[in-house]
Amino acid sequence: MNRKLLLTGILVLMCAITLPAQNISIVPQPKAIRMEEGHWVLQPGTALLAATSDARKSAAIFNEMLEAKTGFQLNILQYSPGEGPVIHLEENLVDGQEEAYYLNIDDGGVHIKGAGKGLFYGLQSLIQLLEVRETAVVLPRLEISDAPAFSYRGVMLDVSRHFFSSQQIKKILDLMAQLKFNTMHWHLTDDQGWRLEIKKYPKLTTIGAWRDSTIIGQYYDFQPFIYDGKSHGGYYSQEEARAIVQYAADRKITIIPEIELPGHSSAVLAAYPELGSFDVNKDEGKGTIAALNDKGEPLDNDISNQVPGYWGVHYNIYGPTPEAYQFLEDVLSEVMEIFPGEYIHIGGDEVPKDHWETSAIAQKVIKKEKLADEHELQSFFIRRIEQFLNKNGRKLIGWDEILEGGLAPNATVMSWRGEKGGIAAAKMGHDVIMTPNSHMYFDHYQAEDKTTEPLAIGGFLPLEKVYGYNPVPDALTTEEGKHVLGVQANLWTEYLATNNKMEYYLFPRALALAEVAWKPKDEKNYRSFIQDRLPHRLLDFEKNGVFFRIPEADVEISIDSESGRHKVEIQPLVAGARVYYTLDGHKADQTGSLYAGPILTPIPGEGQGPLTLRYVTVTPGGRSSNEFQVLIE
């Protein structure tokens, strides 16, 4: 659209446009919407009233989004110009809730009321309501009262397995903010790379941030592994990290950094092997206690001295030594200077105990502290780190393995191995974030037929399954359920090496998660989500350069009462998209039949099986989906 024509048209045209309630496509869907008749036309000269600096910051972000959508910005003022309609941001609590907001659109303009976060969320709803129609920018007349069901609404991004630029992280933060997520869990360290500058330990980034090569294909595709021969790595300077933290904070998102311990530490030990469980100063560097696993095989007792380019659980772990504790306290001190949020994530997952079992140093600690075994040693290790964090006014979060050997007193648990760990922690009175791999691992395939999808780690997590998740398990009482702070999706990146692939695996599932995190379970409706809201949001995503997975269409198969033939109806889940199909069993692409309305299918002869609908969805921007198949029966 020609922007000059649009601006001219807005100034002269006040045509009557009716926006029915079913076009209200805000994601996540607000708690209560009351529709009025008619519309309000937004003009470039409209004043956006924001009295406080925080409100003006939110207004400026809204203006950037508005310009991208309409070609113009509004005038941000502290005081009313005295005449004409305005968008008024009133910074006051709604119903005593920091994230609640009230939004009203009438002939006088727009009124949004809320605290700092509430105002920001009201503006995010407003930008989704806004519609460009020919030569007018219009908003429906309505009233919205809204508030989230959960206080923690998160997405985890793993930048250790594959490094992503600051620009890409900010793009994801923008999209999270639009969907009213309030937490990004940033997985900064793991075996395959250390991604944050620590000034006291420069080798973490000169050595630990880089690997020589990375395996190709799935983990089991090639035995032995085939490597790509390309160096991979990168890290965020402290200045870059601070800029990202501020960028997120402006969008009401808190970033929780994760510094893995005591396991997933190969990148660290490649740089500083003396932090392991063995005395490298005596040129031993190996365990001196003979021990066998359940199969009668010797336990691993050797520190790997390079950053690995393959996935899985590695044996390298920190030693329970004064040097390791000092290192971690030094690192966490620098981390806390960059990340002001109350939580620090310490991992605590997938810690093989081979090095501790074969280490005279570790066994001496177990004996001295009267610990039962290596599991209690892990708990001892984590409690020491928690004490340091608590002393510095921070709280510890860890994966559910931190329950093993006794939970640190004030820890919050992220339950990833199903819900069992979260249930146990909540019953013990600990706060919990639900992120079970059954429903919240967004690195899993999005189609049951994995051959139709880009390479992933495994599993099958369709959109409907994400939407159907309830973060509060039925096994918890009402009081115990209050310890479930919210829900988080995890995007591990072993097999996600590009920006497009990151976005493909996040979206559209993150839109479903947004409603899981915002709405009580009895207010969710999957049919309404995919029919009324998702198509419009995905069209917006395409216009804004987001590389989402084009989902399966909504296909309804019934029997036509007059002919007795199967009737097939197809609704693509991207607004304005086209569907091309075949019914003869052969490949569907844009050479197939264009869907233009309900299809009455041929009738197979006696002994012939049911027909198969094969189809692709082609977006208004020209992207084609994978080919999908539905048996007609």
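These notes cover the structure that comes with them. (Residues numbered from 1 in each chain as written. Predicted model: local features only at pLDDT ≥ 70, side-chain atom pairs only at ≥ 80, totals over all residues. Heavy atoms only, no water.)

Before going further, it helps to spend a moment on the pattern of salt bridges. Should the charged atoms of two oppositely charged side chains come close, the side chains can pair. Applying the stated criterion across every chain, the model contains 31 salt bridges. Between glutamate 453 and arginine 549 there is a salt bridge, and its shortest N-O distance comes to 3.1 Å. In this pair, glutamate 453 sits in the loop between β19 (432-434) and α13 (463-467) while arginine 549 sits in the loop between α17 (526-543) and β21 (554-559), placing the two residues 96 residues apart along the sequence. According to the relative accessible area criterion, glutamate 453 is buried, its value standing at 9%. When salt bridges that share partners are traced, they join Asp158, Arg161, Asp190 and Glu494 into one network. (Salt bridge = Lys/Arg side-chain N within 4 Å of Asp/Glu carboxyl O. Helix = DSSP H or I, 4+ residues; strand = E, 2+ residues; numbered from the N terminus. Buried < 20%, exposed > 50% of the residue type's maximum accessible area, 1.4 Å probe, protein only.)

Where nonpolar side chains cluster on the molecular surface, the patch consists of Ile216, Phe222 and Ile226 and spans about 220 Å² of accessible area. When you line up the elements, isoleucine 226 lands in the loop between β13 (210-211) and β14 (232-233). (Patch = residues over 30% accessible without salt bridge, like charges linked within 9 Å, V, L, I, M, F, W, Y side chains within 5 Å. Areas by Shrake-Rupley, 256 points an atom, 1.4 Å probe, with all protein chains shown as cover.)

Take the layout of surface pockets next. Volume-wise, the second largest pocket comes out at about 670 Å³. Residue composition of the lining of the second largest pocket, by class: 14 nonpolar, three polar and eight charged. (1 Å grid on protein atoms, 1.4 Å probe; cavity = no way out; pocket = protein on both sides within 12 Å on 5 of 7 lines; lining within 4 Å. Points joined across faces, edges and corners; volume = space filled by probe spheres on them. Nonpolar A, V, L, I, M, F, W, Y, C, P; charged D, E, K, R; others polar.)

A separate point is the packing of helix α6 (residues 238-250) against helix α8 (residues 322-338). Here α6 crosses α8 at 45°, and the two axes come no closer than 9 Å. Of the possible angle classes, the one that applies to α6 and α8 is oblique. Contact residues: Gln238, Ala241, Arg242 and Val245 in α6; Glu334, Glu337 and Ile338 in α8. Across the contact of α6 with α8, the residue classes break down as three nonpolar, one polar and three charged. (Axes fitted to C-alpha atoms, helices over the stretch in contact; angles between N-to-C directions. Parallel < 35°, antiparallel > 145°, perpendicular 65-115°, else oblique. Contact = heavy atoms within 4.5 Å.)

So, on to the packing of aromatic side chains. Tallying each qualifying case throughout the model produces 25 aromatic pairs. By way of ring pairs, the aromatic residues Tyr219, Tyr220, Phe225, Tyr227 and Tyr310 are connected into one cluster. One residue, lysine 180, lies across the ring of tryptophan 518, its end atom 5.8 Å from the ring centre. In this structure, arginine 623 packs its charged tip against the face of phenylalanine 547, placed 3.9 Å from the ring centre. (Phe/Tyr/Trp six-rings, centres within 6.5 Å; stacked < 30°, edge-to-face > 60°. Lys NZ or Arg CZ within 6 Å of the ring centre and 35° of its normal.)

Read these as geometric descriptors, not functional statements.
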